[in-house]
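Structure at a glance
The primary structure of each chain is shown beneath.
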Amino acid sequence: MLVCALLGWFCLSACVRPERVSVDREIRKERLVFAVKEGDTLSLDKYECPSALAADSARPVMIFAFGGGFKGGDKAAQRYIPYFERLARNGFVVVSTDYRTLLGDVEPDRMATPAAFAQSLTQAIDTAVADFYTATRFVIERARTWNIDPARIVASGSSAGAITVLQAEYYLANAASLSAALPDGFNYAGVVAFAGAVLEREAPRWAKRPCPMMLFHGDADPVVPYEKAVIEPFGGLWGSASIAGSLEAMDVPCYFYRVANAGHEIADLPMVRNQYDVLSFLSRCVLGRERLRIETLEAVPGDSIAPMRFTTRDYIRNNLPE
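We now turn to the structure provided with this report. (Residues numbered from 1 in each chain as written. Predicted model: local features only at pLDDT ≥ 70, side-chain atom pairs only at ≥ 80, totals over all residues. Heavy atoms only, no water.)

1. Points about the overall build of the protein
Rules: The helix count covers DSSP runs of H or I at least four residues long, the strand count covers runs of E at least two residues long, and both are numbered beginning at the N terminus. With a 1.4 Å probe rolled over the protein chains alone, any residue whose accessible area is under 20% of its type maximum counts as buried; one over 50% counts as exposed, and the rest are partly exposed. In short, Shrake-Rupley with a 1.4 Å probe defines the accessible areas, and a residue's cover is counted only from the protein chains shown.
From N to C terminus, the protein includes nine helices and 13 strands. In the protein, which comprises 322 residues, the proportion classed as buried is 54%. Roughly 13900 Å² of accessible area belongs to the protein as shown, and the carbon and sulfur atoms make up 49% of that amount.

2. Regarding the packing of helix H2 (residues 81-89) against helix H8 (residues 275-287)
What counts, and what does not: Working convention: axes come from line fits to C-alpha atoms, limited for helices to the stretch in contact. Angles between N-to-C directions cover 0 to 180 degrees. By the definition adopted for this analysis, an angle is roughly parallel if under 35 degrees, roughly antiparallel if over 145, roughly perpendicular if from 65 to 115, and oblique otherwise. Put simply, a crossing is left-handed when the front helix is turned counterclockwise from the back one by less than a right angle, and right-handed when it is turned clockwise. Residues are treated as being in contact if the distance between any of their heavy atoms lies within 4.5 Å.
Here H2 crosses H8 at 40°, and the two axes come no closer than 11 Å. Put simply, H2 runs oblique to H8. In terms of crossing hand, the pair formed by H2 and H8 is right-handed. Here Pro 82, Tyr 83, Arg 86 and Leu 87 of H2 lie close against H8, whose contacting residues are Gln 275, Tyr 276, Val 278, Leu 279 and Leu 282.

3. Quick look at the pairing of strand S4 (residues 59-65)
Test applied: Only when DSSP finds a minimum of two bridges between them are two strands counted as paired. The definition of a right-handed crossover adopted here requires that, viewed with the strands pointing away, the path from the first strand over the helix to the second runs clockwise.
S4 sits mainly inside the fold: seven of its seven residues count as buried. By the bridge criterion, five bridges tie S4 to strand S5 (residues 93-97) in an arrangement that is parallel. Its bridge partner lying in S5, Ala 65 is registered against Thr 97. With H2 bridging S4 and its parallel neighbour S5, the resulting β-α-β unit is right-handed.

4. Focus on the sheet that holds strand S10 (residues 228-231)
Judged by pairing direction, the sheet is antiparallel, and its three strands sit side by side in the order S8-S11-S10 without closing on themselves. Here the strands that pair on one side only, and so sit at the sheet edges, are strand S8 (197-200) and S10. Between one strand and the next, the sheet's axes are offset by a mean angle of 10°, whatever the strand orientation. The pairing of S10 with strand S11 (residues 235-239) spans four bridges and is antiparallel. Residue pairing for S11: Ala 229 is matched across the bridge by Leu 237. Running at roughly 55° to S8, helix H5 (residues 160-173) makes contact with S8 and S11 of the sheet.

5. As for the packing of aromatic side chains
Selection criterion: When two rings of Phe, Tyr or Trp (its six-membered ring) have centres within 6.5 Å they constitute a pair, described as stacked for plane angles under 30 degrees, edge-to-face for angles over 60, and tilted for the intermediate range. For a lysine, the NZ atom is tested; for an arginine, the CZ atom; a charge sits over a ring if that atom is within 6 Å of the ring centre and within 35 degrees of the ring normal.
The full count for this structure, using the stated rule, is 18 aromatic pairs. Ring centres of Tyr 80 and Phe 84 lie 6.2 Å apart, and the angle between their planes is 40°; this geometry places the pair in the tilted category. The two residues Tyr 80 and Phe 84 agree in class, both being buried. A centroid spacing of 5.5 Å and a plane angle of 85° characterise the contact between Tyr 83 and Phe 194, whose relative ring orientation is edge-to-face. Pair noted here: Tyr 83 is in helix H2 and Phe 194 is in strand S7 (residues 190-194), with a separation of 111 residues, a long-range link. Of the residues examined, Tyr 83 reaches a relative accessible area of 2% and is grouped as buried. Here Phe 194 falls in the buried class, since its relative accessible area comes to 0%. Taken together, the ring pairs in this structure connect Tyr 47, Phe 64, Tyr 80, Tyr 83, Phe 84, Phe 194, Phe 216, Tyr 255 and Tyr 257 into an aromatic cluster. Sitting over the ring of Trp 146, Lys 46 keeps its end group 4.3 Å from the ring centre. Cation over ring: Arg 142 sits above Phe 138, and NZ or CZ is 3.6 Å from the ring centre.

6. Focus: unusual backbone geometry
Residues other than glycine seldom take positive phi values, yet Phe 70 does so here, at roughly 60°. For Phe 70, the location among the structural elements is in the loop between S4 and H2. Despite not being glycine, Asn 147 shows a phi value in the positive range, around 55°.

7. Observations regarding the nonpolar core
Keep this limit in mind: The term nonpolar core refers to a set of buried residues drawn from Ala, Val, Leu, Ile, Met, Phe, Trp, Tyr and Cys, joined through side-chain atoms within 4.5 Å.
Counting 96 residues, the largest nonpolar core has Phe 70, Tyr 83, Tyr 133, Tyr 188, Val 192, Leu 215 and Leu 282 as its most contacted members. In terms of residue count, helix H3 (residues 114-140) provides more of this core than any other element does, eleven residues in total. Non-local contacts of Tyr 188, meaning those with residues more than four positions away in its chain, are made with Phe 132, Tyr 133, Thr 136, Ile 153, Ala 155, Ala 168, Glu 169, Leu 172, Leu 182 and Cys 211.

8. Overview of the pattern of salt bridges
Where we set the bar: By salt bridge we mean one thing: a side-chain nitrogen of Lys or Arg within 4 Å of a carboxyl oxygen of Asp or Glu.
A full pass over the atoms with the stated rule returns 21 salt bridges. In this structure, the salt-bridge partner of Asp 45 is Arg 31, at a minimum N-O distance of 2.6 Å. You can see Asp 45 sitting in strand S3 (residues 40-48) and its partner Arg 31 sitting in strand S2 (residues 28-37), a full 14 residues away along the chain. A single salt-bridge network, built from bridges that share partners, covers Arg 28, Glu 30, Lys 46, Glu 48 and Arg 59.

What follows is the structure, given as structure tokens:
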């Protein structure tokens, strides 16, 4: 589990001209550069559906982080588009953001020991979180011109992106130094994570109540641990099952969707086949602020049981750069 885990920025001025691309006849897309960090130009794609927008009220926002094992990835990958379009048609402004992927530049032999791997993974996750915070602040600062509600910004991500958004909320709840990049008092309105985890030395502990969360995970995931992958004394990744347990202990609204015998495909599949589940969570637990705890087990009757026990070495091997 740890394996998946263990595996001056400059905001540009508003004079940067957005790239305008038509996704389809209903959805409008804009590409905006939001930062340059250490020579890397970071941009975000903004999706909205004008016909679904209420002119008299500020709109909710979904900020999305792509997957790719912190080695690469594409914020505009075709597999994400149905998810973005569905949210946009339901009144959300969707922002799919870049972040730096540090593990793509690390030679495998530099992560040969548990200590080296833990250090590289921590740096990669913290860098992704810092960039996600920068994108979030960029969005907040445009609340008036975009007609959005900063109190209704939801974070979502797939795989490494799911780790990023969960870690971002974890750092906010625990007042980690990186979270100082966001305005005082800010918190995400919700998190939707597809096969994610939190990197920590011990089981997740939230100093203050986190936002409502929706967690999807296959219980036979060999890439991001469903429960945990820990290397003593460095800690490791605590997956969706562990996170759901910690939220239950604090009576935090949570929708935990487990898929029996499923692997890492649950990092992507729910964005196509579980759109109504996501919209229900957003409508009830985030926008409607209902205090609900929902658990769903998706299983195939009579299906044989897949191996669910992976060693930390398995997770590390599955996440090393090629």
